[in-house]
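# Chains, contacts and geometry: an overview
What follows is the residue order along each chain.
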Amino acid sequence: IELIEKFLENDGKKGKSLAVFCDSNSTDMPNLYAFLEEWGISCLSNTILFETDPSNHLTDEPTILGFVNKETDYTKSVNSADAVYIADANVPMKAAYENYGKRTTTVLLETPETVVAAPLTADANWKPSADYKKQAYANAILTEEVKYDEDLNENKSTVVAFSSTDFISSNWTYYDAVGNNSFAVAVFKTIGGAENTDISFVDKTVMSYTFTQPLQNSVTLVRIIFIGLIPLLMVALG
């Protein structure tokens, strides 16, 4: 944590960014979550997001749920896209504050208000009791810390957290309607000052795997050269 803080501070010059992808299946990380809390990103450990509305999750998979793009300035390039955002194993997240000192927190992605923070063991047959409050949770939160130098130039460091590593899983690249990767790239380009460039990540899919059996004449020729001629040449040179 000290190394991360030192990296983001950058000897007072700021200008650094950190991306964190959480996962409800990972081991508990109280130090990391405490660090994120200081940056306005509150994570609820040992729980998983569970969608109670069947229309917003995959069939019999209530933990694989959809999100809503909050259409902030950080995602301008995809705000008009007709895309869905979906992931599994999401850690429940909330913005701890909007503004605190030099830090400003913005929610980028959010669930509908029909989601609960369920036990990690929850499956399709699990039913939340009245103790579980249905509410919207964040799926991506970004916090900026701004510092001005003597010439009043703005310098800032950024921390952005996503609720699941599955958000950028290659599993979703096969679905044209899912815009997870484009959303993440849009965020990274903005915080990296590259939103006006043509930087992109294009997936390449191998559609077929083929192996051509060599002709017998070719096999015989290779055998003669490597088993016969080359050893004899080595002996002669010796």
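Each residue is numbered by its place in its chain's sequence as written, counting from 1. The predicted nature of this model means local features are confined to residues of pLDDT at least 70 and side-chain atom pairs, given and counted, to a pLDDT of 80 or more, with totals for whole chains, interfaces and linings taken over all residues. Values reported for side chains reflect all heavy atoms of the structure, with hydrogen atoms and water molecules removed beforehand.

### Re helix α2 (residues 30–38)
Since there are 3.6 residues in each turn of an α-helix, residues three or four apart along the chain are aligned in direction. Among the residues of α2, Leu32, Tyr33, Phe35 and Leu36 are the ones counted as buried. On an axial view of α2, the arc spanned by its buried residues comes to 155 degrees, and they lie on one face. Exposed residues pointing more than 90 degrees away from the buried face of α2 are listed as Pro30 and Asn31. Helix and strand assignments come from DSSP, with helices taken as H or I runs of at least 4 residues and strands as E runs of at least 2, each series counted from the N terminus. Glycine 40 sits one or two residues past α2 and shows a positive phi near 80 degrees. Burial classification: accessible surface area is computed with a 1.4 Å probe over protein chains only, and a residue below 20% of its type maximum counts as buried, one above 50% as exposed, and the rest as partly exposed. Think of it as the arc spanned by the lines of direction from the helix axis to the C-beta atoms.

### What to know about the state of the cysteines
When two cysteine sulfur atoms lie within 2.5 Å, the pair is treated as a disulfide. In total, this model carries zero disulfides according to the counting rule given. The thiol sulfur of cysteine 22 is not disulfide-bonded, and the nearest other cysteine sulfur, from cysteine 43, lies at 4.2 Å.

### Observations concerning the nonpolar core
Judged by nonpolar contacts, the single largest core of 22 residues is most densely connected at Leu108, Phe167 and Phe183. Ranked by the residues each element gives to this core, the list is headed by helix α3 (residues 180–191), at five residues. Here leucine 108 is in contact with Val68, Asn69, Lys70, Thr72, Tyr74, Ala140, Leu142, Val160, Phe183 and Val187, once residues within four sequence places are set aside. Residues enter a nonpolar core if they are buried and are Ala, Val, Leu, Ile, Met, Phe, Trp, Tyr or Cys, with the set joined through side-chain atoms within 4.5 Å. Ranked by size, the runner-up nonpolar core spans 18 residues in total, among them Cys43, Val107, Val159 and Ala161. Throughout, a residue-residue contact means that at least one pair of heavy atoms, one from each residue, lies within 4.5 Å.

### Examining a nonpolar patch on the surface
In this analysis, a patch consists of residues with relative accessible area above 30% that form no salt bridge, clustered at 9 Å for like charges and at 5 Å for the nonpolar side chains Val, Leu, Ile, Met, Phe, Trp and Tyr. Here the Shrake-Rupley method, with its probe set to 1.4 Å, supplies the accessible areas, and only the displayed protein chains count as covering residues. Any Lys or Arg side-chain nitrogen located within 4 Å of an Asp or Glu carboxyl oxygen qualifies as a salt bridge. Together, Leu221, Val222, Ile224, Ile225, Phe226, Ile227, Leu229, Ile230, Leu233, Met234 and Leu237 give the surface a local cluster of nonpolar side chains, amounting to about 1,100 Å² of exposed area. Within the secondary structure layout, leucine 233 lies in helix α4 (residues 216–237). Note on leucine 233: relative accessible area 48%, which makes it partly exposed.

### A few points about the confidence of the model for the protein chain
Looking at the protein chain, pLDDT values average 92 and 95% of them are 70 or higher. pLDDT gives the predictor's per-residue confidence on a scale running from 0 to 100. By mean pLDDT, the top-scoring element of the protein chain is strand β7 (residues 93–95) (98), and the lowest-scoring one is α4 (90).

### What about the side chain of histidine 57?
Relative to the helices and strands, histidine 57 resides in strand β4 (residues 57–58). Exposure remark for histidine 57: the relative accessible area of 18% places this residue in the buried category. Leave out the neighbours within four places in its chain, and histidine 57 touches Glu51, Pro62, Ile64 and Leu65.

### As for the pairing of strand β9 (residues 103–110)
The buried fraction of β9 amounts to six of the eight residues, a majority that puts the element mostly inside the structure. What makes two strands pair is DSSP finding at least two bridges between them. Bridge count for strand β5 (residues 61–69) against β9 is two bridges, and the pairing is antiparallel. Along β9, the bridge assignment pairs valine 68 with glutamate 110. Two elements, strand β8 (residues 99–100) and β9, share two bridges in a ladder whose sense is antiparallel. Considered in β9, the bridge of tyrosine 100 is made with arginine 103. Hairpin geometry of β8 and β9 is characterised by an intervening segment of two residues between the two adjacent antiparallel strands and by a positive phi of about 60 degrees at glycine 101. Sheet analysis places β9 next to strand β11 (residues 138–148), joined by seven bridges and oriented antiparallel.

### Considering the pattern of salt bridges
For the structure on display, the rule yields six salt bridges. Glutamate 145 is paired through a salt bridge with lysine 14; the nearest N and O atoms lie 2.4 Å apart. Of the two residues, glutamate 145 sits in strand β11 while lysine 14 sits in the loop between α1 (2–9) and β1 (17–21), which places them 131 residues apart along the sequence. Judged by its relative accessible area of 12%, glutamate 145 is buried. Residue lysine 14 is classed as buried on the basis of its relative accessible area of 5%. Note that arginine 103 is salt-bridged to glutamate 145, the shortest N-O span being 2.7 Å. Of this pair, arginine 103 sits in strand β9 while glutamate 145 sits in strand β11, placing them 42 residues apart in sequence.

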